[in-house]
Amino acid sequence: MTDQQFKDAMPKLVDLKHNSASFYTFVQDSVQLAQNNDAPIIFGAYADQQIKALAAGGLNYKQAYPKEGVIAWVDTWAVTSGAKGDSYDLALKWINFVISKKIAAELTEKSGYANSVTSTDTIPAGTKIFWMQPDEDPTKRTDLWNQVKATP
C-alpha cells in the first residue's frame, strides 16, 4: 500500500470497527468469543480450521464465500543451500513424507487446513482466490492497526 492508501484506510477501518463486537488473533479466541457472546457472524481468516474448531466448541457456523473472492496462502518447506550429505537427504525424506497423499490428508484432517496434494471440496468451484503477499511494511501495518484499535 502507498502512504495515501494507508491514510485512506484509517477512517474506513474505524468505521468497520464500530460494526464489530470484538477482534481476535487465534482460532480458539474466536470460539470463546462465539461461546460467550451473541456473535451471529465471525470473519474467519482460518477457514476450514476455524469451522472445525467452532464445531468442536458446540457451535454451528458455516462458511460463506464473498463474490469478491477469498484469501489463500501456501506454506512451504525449504532446504537451505548449505545442507549437505545426510542432512540434505533427511530434509528431502521429510518433505517427501509430509507431501505424501496419506500424510497430507491426515494433516488436513487434524488441522482443518487444505493441502496442495489431496483434493478438497471446501471452496466452491469458481471462487476467486487472492494469494497472500508479503506486507510492504509490517511496522506501518501494525501502527495503523494499533491506531484503529485505540480510536473510540
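Residues numbered from 1 in each chain as written. Predicted model: local features only at pLDDT ≥ 70, side-chain atom pairs only at ≥ 80, totals over all residues. Heavy atoms only, no water.

> Would you mind going over the pattern of salt bridges in detail, with residue names and values included?
Within the structure shown, the criterion is met by four salt bridges. Notably, a salt bridge pairs Lys 140 with Asp 3, separated by 2.0 Å at the nearest N-O pair. Highlighted residues: Lys 140 in helix H6 (residues 138-150) and Asp 3 in helix H1 (residues 3-17), separated in sequence by 137 residues. In this structure Lys 140 comes out as partly exposed when scored by relative accessible area, which is 30%. Where Glu 136 meets Arg 141, a salt bridge forms, and the shortest distance between an N and an O atom there is 2.9 Å. Residues participating in the shared-partner salt-bridge network are Asp 135, Glu 136 and Arg 141. (Salt bridge = Lys/Arg side-chain N within 4 Å of Asp/Glu carboxyl O. Helix = DSSP H or I, 4+ residues; strand = E, 2+ residues; numbered from the N terminus. Buried < 20%, exposed > 50% of the residue type's maximum accessible area, 1.4 Å probe, protein only.)

> So what's going on with the packing of aromatic side chains? Which residues, and what values?
Considering all chains together, one arrives at three aromatic pairs under this definition. Centre to centre, the rings of Phe 23 and Trp 145 are 4.9 Å apart; their planes meet at 80°, and the pair counts as edge-to-face. Of the two residues, Phe 23 is situated in the loop between H1 and helix H2 (27-36) and Trp 145 in helix H6; the sequence distance between them amounts to 122 residues. Judged by relative accessible area, Trp 145 falls into the partly exposed class, the value being 31%. Linked through ring pairs, Trp 77, Trp 94 and Phe 97 together constitute an aromatic cluster. (Phe/Tyr/Trp six-rings, centres within 6.5 Å; stacked < 30°, edge-to-face > 60°.)

> Lay out the packing of H1 against H6 in plain terms, naming residues and giving numbers.
Between H1 and H6, the least distance of the axes is 9 Å, while the angle of their chain directions is 30°. For H1 against H6, the interelement crossing comes out right-handed. Counting all contacts with H1, which are made through Asp 3, Phe 6, Ala 9, Met 10, Leu 13, Val 14 and Lys 17, the residues of H6 involved are Lys 140, Arg 141, Leu 144, Gln 147, Val 148, Lys 149 and Ala 150. The residue inventory of the contact of H1 with H6, partitioned by class, reads eight nonpolar, one polar and five charged. (Axes fitted to C-alpha atoms, helices over the stretch in contact; angles between N-to-C directions. Left-handed = near helix turned anticlockwise from the far one by under 90°. Contact = heavy atoms within 4.5 Å. Nonpolar A, V, L, I, M, F, W, Y, C, P; charged D, E, K, R; others polar.)

> Tell me about the confidence of the model for the protein chain, and please be specific about residues and values.
Confidence in the prediction of the protein chain, expressed as mean pLDDT, is 86, and 98% of residues score 70 or more. Summarising per-element confidence for the protein chain, the mean pLDDT is lowest in strand S2 (residues 129-131) (77) and highest in helix H4 (residues 85-98) (94). (pLDDT = per-residue confidence, 0-100.)

> Kindly report on H1, identifying the contributing residues and their values.
Relative to the 21 Å expected for 15 residues at 1.5 Å per residue, H1 spans 21 Å between its end C-alpha atoms, a close match to the ideal helical length. Approximately 30° is the largest bend angle found in H1, and it occurs at Ala 9, with the proline Pro 11 only one to four residues beyond. Residues of H1 that are buried include every one of Phe 6, Ala 9, Met 10, Val 14 and Lys 17, and no others. Contacts made by the buried residues of H1 are with H6. (Expected span 1.5 Å × (residues − 1). Bend = angle between axes of the 7 residues up to and from the residue.)

> Explain the side chain of Gln 50 to me, using residue names and the numbers behind them.
With respect to the element layout, Gln 50 can be found in helix H3 (residues 47-56). The buried category is assigned to Gln 50, whose relative accessible area is 3%. Apart from the residues within four sequence positions on either side, Gln 50 is in contact with Tyr 24, Val 27, Ser 30, Ile 42, Phe 43, Gly 44 and Ala 45.

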